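# Architecture and fold: a report
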Amino acid sequence: MKKIIIIGATSGIGYEVMKIYRQRGYRLGIAGRRLAELEKIQAESMPGQVEIQQIDITQADAVDRLKQLIDQVGGMDLFLLSSGIGQQNRTLDPLPELQTVETNVAGFTRMVTAVYHYFRKQGKGHLAVISSIAGTKGLGVAPAYSATKRFQNSYMDALAQLSRMERLSITFTDIRPGFVRTALLKSGHYPMLMQPDKVAGRIVKALDRKRRVVVIDWRYRLLVFFWRLIPRWLWERLPVHN
Ligand SMILES: NC(=O)c1ccc[n+]([C@@H]2O[C@H](COP(=O)([O-])OP(=O)(O)OC[C@H]3O[C@@H](n4cnc5c(N)ncnc54)[C@H](OP(=O)(O)O)[C@@H]3O)[C@@H](O)[C@H]2O)c1
């Protein structure tokens with residue numbers, strides 16, 4: 001039986017991905033900060049299929065708790081990090097900026113380095129993260145969010161190269177969705193909004209195919225393609241907001 005660990009499975013995209021693997025009969029280890037949500041998911045699942053662990057990726061004990069979760073599941077073939085926070089911050093309030101860095105950079109690094117070491121020891125594995133298309137360029141309305149997502153993109157590139165240098169059989173997948181209707185977006189109008197269950201279906205397909213980088217969906221692939229072509233002098237003059 002395949003074993004998957006999902007961090008950030010208590011809501012949104014991670015929750016929907018969890019549902020698909022649960023349906024497929026995978027053995028699952030899930031985590032997040034909200035213990036009540038984790039317990040609810042476990043109670044709704046087949047007895048013995050889902051293991052839970054309360055993990056806050058910004059905390060130093062997150063690695064030990066992750067190891068504990070892997071032990072509970074009895075191993076790990078596939079790891080998915082869906083934990084992340086972000087918000088628009090046009091007033092450049094420093095607190096949410098720093099909190100976003102804590103979670104999306106420090107917490108992210110804490111988790112993916114631990115998983116890299118685990119897979120290196122195991123000789124193989126599949127390490128996947130949900131970053132975002134927001135990492136394509138710096139966004140004036142969400143500086144920390146866009147910059148931290150760019151960090152995640154680069155970090156995955158770096159690990160993929162490092163693993164080849166070390167001749168390891170680790171698969172890396174960087175998932176970059178456009179806007180998805182989840183709690184993360186809060187209020188506001190977002191164009192080309194996608195439903196989390198549909199996005200989860202695309203994610204699982206990409207993971208099945210062991211894709212290295214995937215932008216979800218095709219409309220955002222097109223958008224990102226043109227977005228990248230915009231020169232800096234022009235980008236800085238564009239009032240990008242929703
Ligand atoms: N929604 C979008 O438009 C969109 C677009 C592109 C990319 N993404 C990315 O997709 C990922 C999932 O977000 P979502 O849209 O599904 O939002 P969400 O519903 O708010 O889910 C975020 C998940 O992250 C977990 N989390 C947050 N902080 C954490 C921490 N310190 N430690 C452990 N877990 C933590 C949350 O669980 P707890 O609260 O239980 O800890 C929750 O399960 C994020 O990385 C986000 O940046 C979202």
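The text that follows walks through the structure, step by step, so that each part is easy to find. Keep in mind that what you see is a predicted model, and the values were worked out from it rather than measured. (Residues numbered from 1 in each chain as written. Predicted model: local features only at pLDDT ≥ 70, side-chain atom pairs only at ≥ 80, totals over all residues. Heavy atoms only, no water.)

Moving on, we get to helix 3 (residues 62-73). Structural remark: α-helix, 3.6 residues per turn; residues separated by three or four positions point the same way. In this model, helix 3 (twelve residues) spans 16 Å end to end at C-alpha, consistent with the 16 Å of a helix rising 1.5 Å per residue. Looking only at helix 3, the buried set comprises A62, V63, L66, L69, I70 and V73. Buried residues of helix 3, viewed axially, fall in a sector of 115°; they line one side. Across from the buried face of helix 3, at angles greater than 90 degrees, the exposed residues are D64 and D71. On its buried face, helix 3 is in contact with strand 1 (3-7), strand 2 (27-32), strand 3 (50-54), strand 4 (78-81) and helix 4 (94-122). In the segment just after helix 3, G74 is the residue with positive phi, at about 90°. (Helix = DSSP H or I, 4+ residues; strand = E, 2+ residues; numbered from the N terminus. Expected span 1.5 Å × (residues − 1). Buried < 20%, exposed > 50% of the residue type's maximum accessible area, 1.4 Å probe, protein only. Arc of directions from axis to C-beta. Contact = heavy atoms within 4.5 Å.)

The next subject is the nonpolar core. The biggest cluster of nonpolar side chains holds 40 residues, and the ones touching the most others in it are I6, V17, Y21, L28, I30, I175 and I203. With six residues, the top contributor of residues to this core is helix 6 (residues 196-208). Excluding residues within four positions of it along the chain, I30 makes contact with I6, A9, M18, L38, I41, V50, E51, I52, Q53 and L69. In terms of nonpolar packing, the next biggest core, distinct from the first, is built from 28 residues, A62, V63, I70 and I170 among them. (Core = buried A, V, L, I, M, F, W, Y, C linked by side-chain atoms within 4.5 Å.)

Before going further, it helps to examine the site of the ligand. Within the structure, the ligand sits among 30 residues, and T10, R33, Y145, V180 and T182 are positioned closest to it. In the environment of the ligand, an oxygen atom lies 3.4 Å from a nitrogen or oxygen atom belonging to the backbone of G12. Measuring from an oxygen atom of the ligand, one finds a backbone N or O atom of I13 at 2.8 Å. Relative to its unbound accessible surface of 880 Å², the ligand loses 96% to contact with the protein. For the shell around the ligand, the elements supplying multiple residues, two or more each, are helix 1 (12-24) and helix 5 (143-165). The residue inventory of the shell around the ligand, partitioned by class, reads twelve nonpolar, 14 polar and four charged. (Near = heavy atom within 4 Å. Polar contact = N/O pair within 3.5 Å; in protein donor to acceptor, adjacent residues only side chain to side chain. Areas by Shrake-Rupley, 256 points an atom, 1.4 Å probe, with all protein chains shown as cover. Nonpolar A, V, L, I, M, F, W, Y, C, P; charged D, E, K, R; others polar.)

Moving on, we come to the layout of surface pockets. Empty space among the atoms becomes visible once a probe the size of a water molecule is rolled across them. Of the voids in this model, the second largest pocket is the one considered here, and its volume is about 250 Å³. Taken together, 14 residues make up the lining of the second largest pocket; nearest its centre are K2, D77, L78, H126 and K210. Among the elements of the structure, strand 5 (124-130), strand 6 (169-177) and helix 6 are those that each provide at least two residues to the lining of the second largest pocket. Counting residues per element, the lining of the second largest pocket draws most heavily on strand 5, at three residues. (1 Å grid on protein atoms, 1.4 Å probe; cavity = no way out; pocket = protein on both sides within 12 Å on 5 of 7 lines; lining within 4 Å. Points joined across faces, edges and corners; volume = space filled by probe spheres on them.)

What follows concerns the pattern of salt bridges. Think of it this way: side chains of opposite charge can pair up when their charged atoms draw near. Taken as a whole and judged by the stated rule, the model has eight salt bridges. For the salt bridge of E16 with K19, the shortest nitrogen-to-oxygen distance reads 3.5 Å. You can see E16 and its partner K19 sitting in helix 1, three residues apart, about one turn around the helix. We classify E16 as buried; its relative accessible area is 15%. Looking at K19, the relative accessible area reads 31%, which means it is partly exposed. Put simply, R24 and D208 hold a salt bridge, and the shortest N to O gap is 2.7 Å. (Salt bridge = Lys/Arg side-chain N within 4 Å of Asp/Glu carboxyl O.)

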